[in-house]
Amino acid sequence: GGDCHWLLILDADLSAREDFELFRLVKAADPAIPVIVVTERTSLTNVGLARVDGAEALFFKPLTSFEPVLETIKAAFNRLRRWNDVLVEYAERT
C-alpha cells in the first residue's frame, strides 16, 4: 500500500491580500494539509494569523539554509503518518 500525503509550500507575499487568501482557502478546503509559508514581506499581524490559521511553519527569504525547511517537511509527514495509522487502527477495530 502506498501512503499519499499532500504538502504545500507557499511562496507568498503575506502583505498581499490575495496571497493570504490563497493560504486560507487551502486550509479551509482541507485543514490537515500542511502549509509551509515562505515569505519576504509580511507584518507581525499576518505572522500571527498564519500561526492561528494553521501554518505548519513560516520561513523568511532569503533562506540561509534549507535544512529547517526539510526538518519541517519530515515532521509534517510523520504527523500525517501517525494520524493515518490511528485511522487504520480505528477501521480495523470497528
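Residue numbering note: each chain is counted from 1, following its sequence as written. Totals for whole chains, interfaces and linings use all residues, but because this is a predicted model, local features are given only for residues with pLDDT of at least 70 and pairs of side-chain atoms are given and counted only at 80 or more. The basis for every side-chain value is the complete set of heavy atoms in the structure, and neither hydrogens nor water enter the calculation.

1. Some points on the sheet that holds strand β1 (residues 8–11)
By way of backbone hydrogen bonds, the strands of a sheet pair with one another, either parallel or antiparallel. The cut-off we apply is this: Strand pairing is assigned whenever DSSP detects at least two bridges linking the two strands. Helix and strand assignments come from DSSP, with helices taken as H or I runs of at least 4 residues and strands as E runs of at least 2, each series counted from the N terminus. Here the axes come from fitting lines to C-alpha atoms, over the contacting stretch only for helices, and the angles between their N-to-C directions go from 0 to 180 degrees.
The strand order across the open sheet built from three strands is β1-β2-β3, with neighbouring strands paired in parallel fashion. With partners counted over all chains shown, the strands left at the sheet margins are β1 and β3 (57–60), one partner each. This sheet shows a mean twist of 20° between the axes of neighbouring strands, independent of strand direction. Bridge count for β1 against strand β2 (residues 35–39) is four bridges, and the pairing is parallel. Counterpart to L8 in the pairing with β2 is V35.

2. Examining the nonpolar core
Formally: Joining through side-chain atoms within 4.5 Å is the link that ties buried Ala, Val, Leu, Ile, Met, Phe, Trp, Tyr and Cys residues into a set, and such a set is a nonpolar core. Relative accessibility decides the category of a residue: with a 1.4 Å probe and only protein chains considered, values under 20% of the type maximum give buried, values over 50% give exposed, and everything between is partly exposed. For this analysis, residues touch if any pair of their heavy atoms sits within 4.5 Å.
Core analysis: the largest hydrophobic core is formed by 11 residues, namely L10, A12, L14, F20, F23, V26, I33, V35, V37, A50 and A55. If we ignore the near neighbours within four places in the chain, the residues touching L14 are F20, V37, T39, R41, T42, N46, A50 and L58. Membership of the second largest hydrophobic core comes to five residues, among which are A57, F59, V69 and I73.

3. Some words on the side chain of K27
To keep it simple, the criterion reads: Positive charge is attributed to Lys and Arg, negative charge to Asp and Glu, and no charge count is given to His or to the chain ends. In what follows, salt bridge is the name for a side-chain nitrogen of Lys or Arg lying within 4 Å of a carboxyl oxygen of Asp or Glu. We define a polar contact as two N or O atoms separated by no more than 3.5 Å, with the added condition that, inside protein, one atom must be a possible hydrogen donor and the other a possible acceptor, whereas residues neighbouring each other in sequence contribute only through side-chain atom pairs.
By the secondary structure assignment, K27 is in helix α1 (residues 17–29). For the buried K27, no salt bridge is present, and the opposite-charge side chain at shortest range is E56, 5.9 Å distant. Reaching out from K27, the side chain makes a polar contact with the backbone oxygen of P31 at a distance of 2.8 Å. From its side chain, K27 meets the backbone oxygen of G54 in a polar contact 3.3 Å long.

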